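The primary structure of each chain is shown beneath.
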Amino acid sequence: MTGRLEAASTEIHELTTGVSGRLSLLSDTQFSTSFVCHVVKLFLESHPEVRCQLDVANGFHAPRIGDVDCYVCAEPPDAPNLVAKLLGRLNYGLYASPQYLARHGAPSSPADLAAHQSIVMKEPSSGRSQVLLVSGAQSFAFQPEPAFETNDHWVMKTFCIDGLGIALLPAFFVRPEVEQGVLAPVLPQWQPEPRRIYCAYQRQRYMGQKLRAFVDLMARCVVDIDSYNYYVGSSAARRRRTAARP
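Just so we're clear, the structure is a prediction, and the values are computed from it rather than from any experiment. Sequence order sets the numbering: in each chain, residues are counted from 1 along the sequence as written. Local features in this predicted model are restricted to residues of pLDDT 70 or higher, and side-chain atom pairs are both shown and tallied only at a pLDDT of 80 or more, whereas totals for entire chains, interfaces and linings draw on every residue. Computation of side-chain values covers all heavy atoms of the structure but excludes hydrogens and water.

Section: the sheet that holds strand β5 (residues 92-96)
Strands pair, by our definition, only if DSSP identifies at least two bridges between them. Only runs of H or I of at least four residues qualify as helices and only runs of E of at least two qualify as strands under DSSP, and these elements are numbered from the N terminus. Ordered in space as β9-β6-β10-β5-β11, the 5 strands form an open sheet in which the pairing is mixed. Across the chains shown, the open sheet's two edge strands, defined by having one partner strand only, are β9 (146-150) and β11 (184-186). Geometrically, the sheet is characterised by an average inter-axis angle of 45 degrees between neighbouring strands, direction not taken into account. Bridge count for β5 against strand β10 (residues 166-170) is 4 bridges, and the pairing is antiparallel. Bridge assignment links G93 to a residue of β10, and that residue is L169. Contacts are residue-level and defined by heavy atoms, with any inter-residue pair within 4.5 Å sufficient. Lines fitted to C-alpha atoms define the axes here, with helix axes fitted over just the stretch in contact, and angles between the N-to-C directions of these axes take values from 0 to 180 degrees. Docked against the sheet, helix α5 (residues 171-179) engages β5, β10 and β11, running at close to 115 degrees with respect to β10.

So, in structure tokens, the structure goes:
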């Protein structure tokens, strides 16, 4: 994996020597530290003359889409002259903490989810969104009634780790917690269809060498997205081990 990333970074450097200036980025919360930060690191290693600014969407001081070079997102906004480049598709699944499952029991079928607390991503509209879970040729339309609602994926994951309910989260985003035993898959045989990850940018900005180089590197790196997110899982496990000591 490391060799592939280094080869991609080196190739970008050879193709785009002399890249400099400011690169402004906007990212959805689930992609910020868990993906975009690592791509930025590789990019800046090859282009030390570039100065980068990374903001997270939904923040009070987050810039507008038109004021940044590109936006890494799950759903690109509908805006004039905005191009949405598909980077890849991500698997999602249901997760809960072992403590929550010990208290409430693990659901054995999608129909059992109605009896459980759900941690839900707030939708822009007032309506509740359905989640279509698929297992082979079977499907189940699940409409969670949120016990906890937020507009931030990190808050969702924290609520989930703290045992407040079941959450639908990107598999790469919770991989460290699952490996550490902080979170556990729920109904792993039932999952929604993979969701897309995009890089959205204004058409005229893409004419610049700098943005084209960065978008190309992101497209190369997305295949290794599962390997990037490793910070939070270890610290979460340490916090719980420390709290459990007498």
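Now that the structure has been shown, we can carry on.
Side note on the pairing of strand β12 (residues 195-202)
Each residue is assigned to one of three classes by its accessible area relative to the maximum for its type, calculated with a 1.4 Å probe on protein chains only: buried under 20%, partly exposed between the two thresholds, exposed over 50%. Burial analysis of β12 places 6 of its 8 residues in the buried class, which makes it a mostly covered element. Of the strand pairs in this sheet, strand β3 (residues 70-73) and β12 are connected by 3 bridges, and their pairing is antiparallel. Bridging from a neighbouring strand, C73 pairs with Y198 of β12. The sheet contact formed by strand β4 (residues 82-90) and β12 spans 8 bridges and is antiparallel. Bridged to L90 within β12 is R195.

Topic: the side chain of Q30
Relative to the helices and strands, Q30 resides in the loop between β1 (21-27) and α2 (32-46). The contacts of Q30, once residues within four sequence positions are left out, are A74, Y92, H153, P170, F172 and F173.

Here we look at the packing of aromatic side chains
Each pair of aromatic rings taken from Phe, Tyr and Trp, with Trp reduced to its six-membered ring, is defined by centres within 6.5 Å and is described as stacked if the planes are under 30 degrees apart, edge-to-face if over 60, and tilted in the remaining cases. Across all of its chains, the model carries 5 aromatic pairs by this definition. Ring geometry for F43 versus F214: centroids 5.3 Å apart, planes at 90 degrees, classification edge-to-face. With F43 in helix α2 and F214 in helix α6 (residues 209-221), this residue pair connects regions lying 171 residues apart in the sequence. Taken together, a centroid distance of 5.4 Å and an interplanar angle of 55 degrees make the contact between F148 and F159 tilted. Taken together, the residues F148 in strand β9 and F159 in helix α4 (residues 153-161) connect sequence positions 11 residues apart. Given a relative accessible area of 25%, F148 falls into the partly exposed group. Put simply, the rings of F31, W154, F172 and F173 touch in pairs and so form one group of aromatic residues.

Brief notes about the pattern of salt bridges
We count a salt bridge whenever a side-chain nitrogen from Lys or Arg sits within 4 Å of a carboxyl oxygen from Asp or Glu. For the structure on display, the rule yields 6 salt bridges. Residues R220 and D216 are paired through a salt bridge, measuring 3.6 Å at the closest nitrogen-oxygen approach. In this pair, R220 and D216 are both assigned in helix α6, 4 residues apart and thus about one turn of the helix distant. Note on D216: relative accessible area 29%, which makes it partly exposed.

A closer look at α6
With 13 residues, α6 should cover 18 Å at 1.5 Å per step; its first-to-last C-alpha distance of 18 Å lies within 8% of that length. When we look at burial in α6, the residues that qualify are K210, L211, A213, F214, V215, L217, M218 and C221. The span one expects for a helix is its residue count, reduced by one, times 1.5 Å.

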